Amino acid sequence: MALEHALLVSLTERASSGYDLARRFDKSIGFFWNATHQQIYRVLKRMEEQGWVTAEAVTQEGRPDKRVYTVSDAGRGELTRWIAEPSDAGPMRNELGVKLRAASLGDVPALATEFQRHRDEHAHRLDLYRNFEKKDYPAPDQLSGRTLHQYLVLRGGIRVEEGFVDWCDEVLAGLHKDNPDGLRDPARSQTSDPKGTRR
């Protein structure tokens, strides 16, 4: 996926200025596709040159005019083409997995600390996603169309984070069992479990 497609998707949901789009991107699609604000502005300019978006100058009182971007017919056509295009399944690349394979050659307690850090970060993100789910989709069985699609993307993020937290728990338990005197008990150091409850 190119950044252009992620921005097109976001702009089909709401016409936006570059600034507003970048802020919304950080809170939604940005969880799945990273981009800096500078990258977003550069790509918006390129998309306008390609005819995928149009921009309208909007006057703001006491502030500089802003350009509000809207997806053009050509942009919607590109989205239709891209959605139908096969996606690359690609292998999962995870540096922690490679480090774990080499753990016997290095500092196992340091690696366990790193796994705990990653576990805590993913548990925090899982809590965030679950809060989104509870706040924005209280009746998922009643969803349809675009709202259903957005919910299903969120569910994918929840499942990924649950899986990663579970894997970190399994790794930490295994490392502790293999080296009980050199590592903290992972059950005592966890801050959140995959269900989003605190320990």
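Below is a short write-up of the structure. (Residues numbered from 1 in each chain as written. Predicted model: local features only at pLDDT ≥ 70, side-chain atom pairs only at ≥ 80, totals over all residues. Heavy atoms only, no water.)

### Points about helix H4 (residues 73–84)
The terminal C-alpha atoms of H4, which comprises 12 residues, lie 17 Å apart, in line with the 16 Å expected from a rise of 1.5 Å per residue. Among the residues making up H4, those that are buried are Gly 75, Glu 78, Leu 79 and Trp 82. End-on view of H4: buried residues confined to an arc of 100°, all on one side of the axis. Exposed residues pointing more than 90 degrees away from the buried face of H4 are listed as Asp 73, Thr 80 and Ala 84. Buried positions along H4 lie against helix H1 (3–13) and strand E3 (63–71). (Helix = DSSP H or I, 4+ residues; strand = E, 2+ residues; numbered from the N terminus. Expected span 1.5 Å × (residues − 1). Buried < 20%, exposed > 50% of the residue type's maximum accessible area, 1.4 Å probe, protein only. Arc of directions from axis to C-beta. Contact = heavy atoms within 4.5 Å.)

### Describing the pairing of strand E2 (residues 53–60)
Pairing between E2 and E3: 7 bridges, direction antiparallel. Considered in E3, the bridge of Thr 54 is made with Thr 70. Counting the residues between successive antiparallel strands, the hairpin from E2 to E3 contains 2 residues, one of them, Gly 62, with a positive phi of roughly 75°. (Pairing = 2+ DSSP bridges.)

### A closer look at the packing of helix H6 (residues 108–136) against helix H7 (residues 145–178)
Viewed as axis vectors pointing N to C, H6 and H7 meet at an angle of 155°, and their least axial separation amounts to 9 Å. Classified by the angle between their axes, H6 and H7 sit roughly antiparallel to one another. Pair H6 / H7 crosses with left-handed handedness. (Axes fitted to C-alpha atoms, helices over the stretch in contact; angles between N-to-C directions. Parallel < 35°, antiparallel > 145°, perpendicular 65-115°, else oblique. Left-handed = near helix turned anticlockwise from the far one by under 90°.)

### What to know about the environment of Leu 44
Mapped onto the fold, Leu 44 is located in helix H3 (residues 37–50). As for Leu 44 and Leu 3, which are separated by 41 residues in sequence, their C-alpha atoms are 9.6 Å apart. Contact partners of Leu 44, with chain neighbours within four places excluded, come to Leu 7, Leu 11, Gly 18, Leu 21, Val 53 and Tyr 69.

### Here's the deal with the sheet that holds strand E1 (residues 16–17)
A sheet is described by the order of its strands in space; here 3 strands give the open sequence E1-E3-E2, paired in antiparallel fashion. Taken across any chain shown, the strands that pair with only one partner, and hence form the sheet edges, are E1 and E2. Examined bridge by bridge, E1 and E3 share 2 bridges and lie antiparallel to one another. Residue pairing for E3: Ser 17 is matched across the bridge by Val 68.

### Re the packing of helix H2 (residues 18–27) against H3
Describing two packed helices takes the angle between their axes plus the distance from one axis to the other. Here H2 crosses H3 at 130°, and the two axes come no closer than 10 Å. In terms of their interaxial angle, H2 and H3 are classed as oblique. When you trace H2 past H3, the crossing you get is right-handed. Residues Gly 18, Tyr 19, Leu 21, Ala 22, Phe 25 and Asp 26 of H2 touch H3, and the partners they reach there are His 37, Ile 40, Tyr 41 and Leu 44. The class makeup of the residues in the contact of H2 with H3 is 7 nonpolar, 2 polar and 1 charged. (Nonpolar A, V, L, I, M, F, W, Y, C, P; charged D, E, K, R; others polar.)

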